[in-house]
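Close look at the chain arrangement
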Amino acid sequence: MSQDTIPVRKEYSCTEKFLGSGFGNLPNESLGILQFSAGHSNLTYPVEQMYRDSRINRIFEGTNEINRLMIPPHLFRKAVKGGYDLAARVEEAVVQLSKSEPIGHAIYEKEREAVEMIRSLFLLNAGLAYEAFGSSLVHEQEALMKLADLAIALYASESAVYRTYKAIQENGEEKEELKILLTRTFIEGVIWDAERLSRQLVSELVYKGKRDQLIGLVIRECGRFSSFGKATARNRRIAEHVYDKGEYCC
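Residues numbered from 1 in each chain as written. Predicted model: local features only at pLDDT ≥ 70, side-chain atom pairs only at ≥ 80, totals over all residues. Heavy atoms only, no water.

Moving on, we come to the overall build of the protein chain. In terms of regular secondary structure, the protein chain is built from nine helices and zero strands. Secondary structure elements of the protein chain, listed N to C terminal, follow the sequence α-α-α-α-α-α-α-α-α. Counting all 250 residues of the protein chain, 37% fall into the buried class. Nonlocal contacts in the protein chain, meaning residues at least 24 apart in sequence, comprise 76% of its contacts between residues at least 6 apart. (Helix = DSSP H or I, 4+ residues; strand = E, 2+ residues; numbered from the N terminus. Buried < 20%, exposed > 50% of the residue type's maximum accessible area, 1.4 Å probe, protein only. Contact = heavy atoms within 4.5 Å.)

As structure tokens, this is what we get:
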């Protein structure tokens, strides 16, 4: 990585971790489907080579663990240098989470609001971690890893939602049905992960009285966005799209 790319180091780390893990999950799921369909676990498939090769993607350009440890400190260093008002952003995040305003009905609004909710959760937990550990936070690897996973979830969900939103604006909802279905399924999974990570961080970083209040806030807000309709029917529709085309078609 050259010095010219230093400003996007955190985005690079998020992308590397997300793709490295995702490329490992895809052949793993494929093997499970193939073995289930064939009824024989001793058959060999080309995807098995992909499964073995996928492990190296977690090491190329830095291991997943190192990439995760690089993400949160970037934000905290920027805050310390005065380039980012972390305290103000954390306060705004708490206010946004506490409002619990009704979700609007504009095109794709629930998905876009879900991204902002995940952003608020990340900022809330970043603020709690910095308040708890201060400058020694760089030595708290467990907290940094969880914050990094929240940041990666935010980065990936924002990319998915706004790419789909742009496609809807250009082509209409009907033509972009598959993108909408895929994004909703992805966002549902991200929200479950964001809730789990947030509850773990709050439990570790906050005293009991305030802890129970914040965990309740996290559960309530994630519950507002945890469902985008019937997931089973939606995922079957996605599978039908792919099966009819005989290939990835989004």
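With that settled, consider helix H5 (residues 109–133). The end-to-end C-alpha distance of H5, which contains 25 residues, comes to 36 Å, matching closely the 36 Å that a straight helix rising 1.5 Å per residue would cover. Where H5 ends, the next residue or the one after it, Gly134, has phi of about 60°, a positive value. (Expected span 1.5 Å × (residues − 1).)

Our next topic: the packing of H5 against helix H6 (residues 141–171). Put simply, H5 and H6 touch, their axes get as near as 9 Å, and they point 160° apart. Classified by the interaxial angle, the pair formed by H5 and H6 is roughly antiparallel. Classified by chirality, the crossing of H6 by H5 is left-handed. Taken together, the residues of H6 that come into contact with H5 (itself represented by Glu111, Arg112, Val115, Glu116, Ile118, Arg119, Leu121, Phe122, Asn125, Ala126, Ala129 and Phe133) are Ala143, Leu147, Leu150, Ala151, Leu154, Ser157, Glu158, Val161, Tyr162 and Tyr165. (Axes fitted to C-alpha atoms, helices over the stretch in contact; angles between N-to-C directions. Parallel < 35°, antiparallel > 145°, perpendicular 65-115°, else oblique. Left-handed = near helix turned anticlockwise from the far one by under 90°.)

Turning our eyes to something else, we now look at helix H8 (residues 208–224). Here H8 spans 24 Å end to end across 17 residues, near enough to the 24 Å set by a 1.5 Å rise per residue. What H8 keeps buried is the set Leu214, Ile215, Leu217, Val218, Glu221 and Cys222. Along the axis of H8, the buried positions cluster into a sector of 160°, meaning they face one direction only. Summarising the geometry of H8, the exposed residues directed more than 90 degrees from the buried face are Lys208, Gly209 and Gln213. (Arc of directions from axis to C-beta.)

Here we come to the pattern of salt bridges. Oppositely charged side chains can form a pair if their charged atoms are brought close together. Counted according to the given criterion, the structure contains 13 salt bridges. Of the charged contacts, one joins Glu116 and Arg119 as a salt bridge, the two residues approaching to 3.1 Å between their closest N and O atoms. With Glu116 and Arg119 both in helix H5 and three residues apart, the pair spans about one turn of that helix. A salt bridge links Arg220 to Glu221, with the nearest nitrogen and oxygen atoms 3.3 Å apart. (Salt bridge = Lys/Arg side-chain N within 4 Å of Asp/Glu carboxyl O.)

Looking now at the nonpolar core. One finds Met117 and Ile191 to be the most contacted residues of the largest nonpolar core, which totals 52 residues. Within the residue set of this core, elements represented by two or more residues are helix H3 (64–80), helix H4 (86–99), H5, H6, helix H7 (177–205) and H8. A per-element tally of this core places H6 first, with 13 residues. When sequence neighbours within four positions are dropped, the list of residues in contact with Met117 reads Leu97, Ile191, Glu221, Cys222 and Phe225. (Core = buried A, V, L, I, M, F, W, Y, C linked by side-chain atoms within 4.5 Å.)

Let us look at the packing of aromatic side chains. Throughout the structure, instances matching the rule amount to two aromatic pairs. Relative to Tyr165, the ring of Tyr108 has its centre 6.5 Å away and its plane inclined at 5°; by these criteria the two rings are stacked. In this pair, Tyr108 is assigned in the loop between H4 and H5 and Tyr165 in helix H6, connecting sequence segments 57 residues apart. Here Tyr108 and Tyr165 have matching classes, each one buried. Ring geometry for Tyr162 versus Tyr165: centroids 6.2 Å apart, planes at 90°, classification edge-to-face. Here the residue Tyr162 and the residue Tyr165 both occupy positions in helix H6, the gap between them amounting to three residues, near one helical turn. Overall, Tyr162 belongs to the partly exposed group, its relative accessible area being 34%. Tyr165 gets classed as buried once you look at its relative accessible area, which sits at 18%. Aromatic rings pair up to connect Tyr108, Tyr162 and Tyr165 into one cluster. When the ring centre of Phe228 is taken as origin, the NZ or CZ atom of Lys110, which lies over that ring, is 4.8 Å away. (Phe/Tyr/Trp six-rings, centres within 6.5 Å; stacked < 30°, edge-to-face > 60°. Lys NZ or Arg CZ within 6 Å of the ring centre and 35° of its normal.)

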